[in-house]
Amino acid sequence: MNAIGKAVWFIESHFASDITLEDVAETAGLSRYHLSRVFGLTTGRSISEYIRARRLSAAAVSLAGGAPNILAVALDAGYNSHEAFTRAFRDHFGVTPEEVRNRGHLGDLDLMEPIRMDTTPLPNLEEPRFETKPAILTAGLQQTYSYGGNAGIPSQWQQFNVYFGEIPGQIGNVAYGICTQADGQDGSFQYMTAVEVRATDSLPAGFESLKLPAQTYAVFAHRGHISSIQATCHAIFAEWLPASGYKHAGLPDLMERYDDRFDVRTGTGLTEIWIPVTN
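So, here's what we can say about the structure. Small disclaimer: the values here were computed from a predicted structure and weren't measured.

### So, the overall build of the protein chain
Consideration 1: Secondary structure summary: the protein chain contains nine helices and ten strands in total.
Consideration 2: Dimensions of the protein chain, computed from C-alpha atoms along their principal axes, come out at roughly 70 × 40 × 30 Å.
Consideration 3: The proportion of buried residues among the 279 residues of the protein chain is 48%.
Consideration 4: Long-range contacts, defined here as pairs at least 24 residues apart, represent 71% of the contacts in the protein chain between residues at least 6 apart.

### A short note on the nonpolar core
Consideration 1: The biggest cluster of nonpolar side chains holds 53 residues, and the ones touching the most others in it are Ile11, Leu35, Phe39, Tyr191, Ile273 and Ile275.
Consideration 2: The contact partners of Tyr191, leaving out residues within four places of it in the chain, are Leu141, Gln142, Gln143, Tyr145, Ile153, Gln156, Trp157, Gly177, Ile178, Cys179, Glu256 and Tyr258.
Consideration 3: Membership of the second largest hydrophobic core comes to 20 residues, among which are Ala60, Ala67, Ala77 and Phe93.

### Brief notes about the pattern of salt bridges
Once their charged atoms are close, side chains differing in charge can pair, the charge on each being opposite to the other.
Consideration 1: According to the stated counting rule, one finds nine salt bridges in the structure shown.
Consideration 2: Measuring nitrogen to oxygen at the nearest pair gives 2.5 Å for the salt bridge that ties Arg223 to Glu126. Residue Arg223 is located in strand β6 (residues 215-223), and its partner Glu126 is located in the loop between α7 (97-103) and β1 (129-133); the two are separated by 97 residues in the primary sequence.
Consideration 3: Judged by relative accessible area, Arg223 falls into the exposed class, the value being 53%.

### Things to note about the packing of helix α1 (residues 3-14) against helix α3 (residues 32-43)
Any two packed helices are characterised by how steeply their axes cross, that is the angle between the axes, and by the distance between the axes.
Consideration 1: One way to put it is that α1 packs onto α3 with a least axis distance of 10 Å and a crossing angle of 90°. On the basis of their axis angle, the class for α1 and α3 is roughly perpendicular. Across the interface between the two elements, Ile4, Ala7, Val8 and Ile11 of α1 pack against Leu35, Val38, Phe39 and Thr42 of α3.
Consideration 2: Taken together, the residues of the contact of α1 with α3 break down into seven nonpolar, one polar and no charged.

### Some thoughts on the packing of aromatic side chains
Each pair of aromatic rings is reported with the distance of its centres and the angle of its planes.
Consideration 1: Scanning all chains against the criterion turns up 17 aromatic pairs.
Consideration 2: Judged by centre distance (6.5 Å) and plane angle (40°), the rings of Phe130 and Trp240 are tilted. Residue Phe130 is found in strand β1, and its partner Trp240 is found in helix α9 (residues 229-244); the two are separated by 110 residues along the sequence.
Consideration 3: Phe130 sits in the partly exposed class, given a relative accessible area of 37%.
Consideration 4: A residue is classified by how much of its surface remains accessible, and Trp240, at 14% relative accessible area, is buried.
Consideration 5: What links up through ring pairs into an aromatic cluster is the set Trp157, Phe160, Tyr163, Phe164, Tyr191, Phe207, Tyr258 and Phe262.

### What about the side chain of Asp253?
Consideration 1: Counting through the fold element by element, Asp253 comes out in the loop between β7 (247-248) and β8 (254-258).
Consideration 2: Given the relative accessible area of 2%, Asp253 is considered buried.

### Things to note about unusual backbone geometry
Consideration 1: With omega at 0°, the peptide bond leading from Leu251 into Pro252 counts as cis.
Consideration 2: With respect to the helices, strands and loops of the structure, Pro252 is situated in the loop between β7 and β8.

### Observations regarding α9
Consideration 1: Along α9, the largest kink reaches about 35° and is centred on Ile236.
Consideration 2: Inspection of α9 places Ile229, Thr232, Cys233, His234, Ala235, Ile236, Phe237, Ala238, Trp240 and Leu241 among the buried residues, and these make up the whole buried set.
Consideration 3: Gly245 sits one or two positions beyond α9 and adopts a positive phi of about 85°.

### Quick look at the packing of α3 against α9
Consideration 1: The N-to-C vectors of α3 and α9 enclose an angle of 145°; their axes lie 10 Å apart at closest approach. Here the hand of the crossing between α3 and α9 comes out left-handed. Residues His34, Val38, Leu41 and Thr42 of α3 pack against Gln230, Cys233, His234, Phe237 and Ala238 of α9.
Consideration 2: Classifying every residue of the contact of α3 with α9 by side-chain character gives five nonpolar, four polar and no charged.

### A word on the pairing of strand β10 (residues 268-278)
In the case of a regular strand, side chains alternate between the two sheet surfaces.
Consideration 1: In terms of burial, β10 is largely enclosed, as eight of its eleven residues are buried.
Consideration 2: Where β7 and β10 come together, two bridges link them in antiparallel fashion. Note on β10: the bridge partner recorded for His248 is Val277.
Consideration 3: Relative to β10, β8 runs antiparallel, the two sharing three bridges. Paired with Met255 across the strands is Trp274, a residue of β10.
Consideration 4: Pairing geometry for strand β9 (residues 262-263) and β10, over two bridges, is antiparallel. When the sheet's bridge partners are listed, Phe262 is paired in β10 with Gly269.
Consideration 5: Counting the residues that bridge the hairpin from β9 to β10 gives four residues, and of these Gly267 lies at a positive phi of roughly 75°.

Thresholds, definitions, all that
- Residues numbered from 1 in each chain as written.
- Predicted model: local features only at pLDDT ≥ 70, side-chain atom pairs only at ≥ 80, totals over all residues.
- Heavy atoms only, no water.
- Helix = DSSP H or I, 4+ residues; strand = E, 2+ residues; numbered from the N terminus.
- Buried < 20%, exposed > 50% of the residue type's maximum accessible area, 1.4 Å probe, protein only.
- Contact = heavy atoms within 4.5 Å.
- Core = buried A, V, L, I, M, F, W, Y, C linked by side-chain atoms within 4.5 Å.
- Salt bridge = Lys/Arg side-chain N within 4 Å of Asp/Glu carboxyl O.
- Axes fitted to C-alpha atoms, helices over the stretch in contact; angles between N-to-C directions.
- Parallel < 35°, antiparallel > 145°, perpendicular 65-115°, else oblique.
- Nonpolar A, V, L, I, M, F, W, Y, C, P; charged D, E, K, R; others polar.
- Phe/Tyr/Trp six-rings, centres within 6.5 Å; stacked < 30°, edge-to-face > 60°.
- Bend = angle between axes of the 7 residues up to and from the residue.
- Left-handed = near helix turned anticlockwise from the far one by under 90°.
- Pairing = 2+ DSSP bridges.

This is the structure:
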């Protein structure tokens, strides 16, 4: 069972109790940071969103079955007051707990069912090479995405490519897709379409900069169409990293590197995925 399968198993076995992200990460064998990233990529939801939705769905089933004490249902779902539970329940389902109990059926409630993990084998990774790279200064367009709502990334690249090659201080003709976690939360990530630059004095309006530290990277090859890169990233974080003896070094989460071996027009060719690592 891979790391995400272990995480789902643990959540499904314990979500009725007071579990933490650290508990899930320990079972999965990943740091909480990387479990959050891989879980979001794989399921389209953050861990906290999934646990909350599973608890509220279980509460809805109990209420539709005629549970006599709504406060007891609230406490079982992890809420310490009737008011907090009612607010969360209404925000999630659009109806109150009382309405569900009074009507005695679930109706059209959008319940969160247990995630059934895709049993399709992950792609076979080529062995990575390791490169030690000095600190680099990057600049580009940055957007924040939820793990289930990253369909806007191709459009972001389209906007960025208008500037590529004419960015003041641009170094070389290599583009980067840089992923970092947003504000320490497990529900979203930041994606920057960027190039290396000498300075940030004259960047176009809307550009942001990010300095990456000197560090060692494990460099993986993704071959084929760019639309399947998520599966390669999943294999790296869910299988290779836990078994490798390496630890993720920090910033960035991962970095995609696009050079002349990648065809921008067709989305095919070679993309390198750089993961900062340490022993």
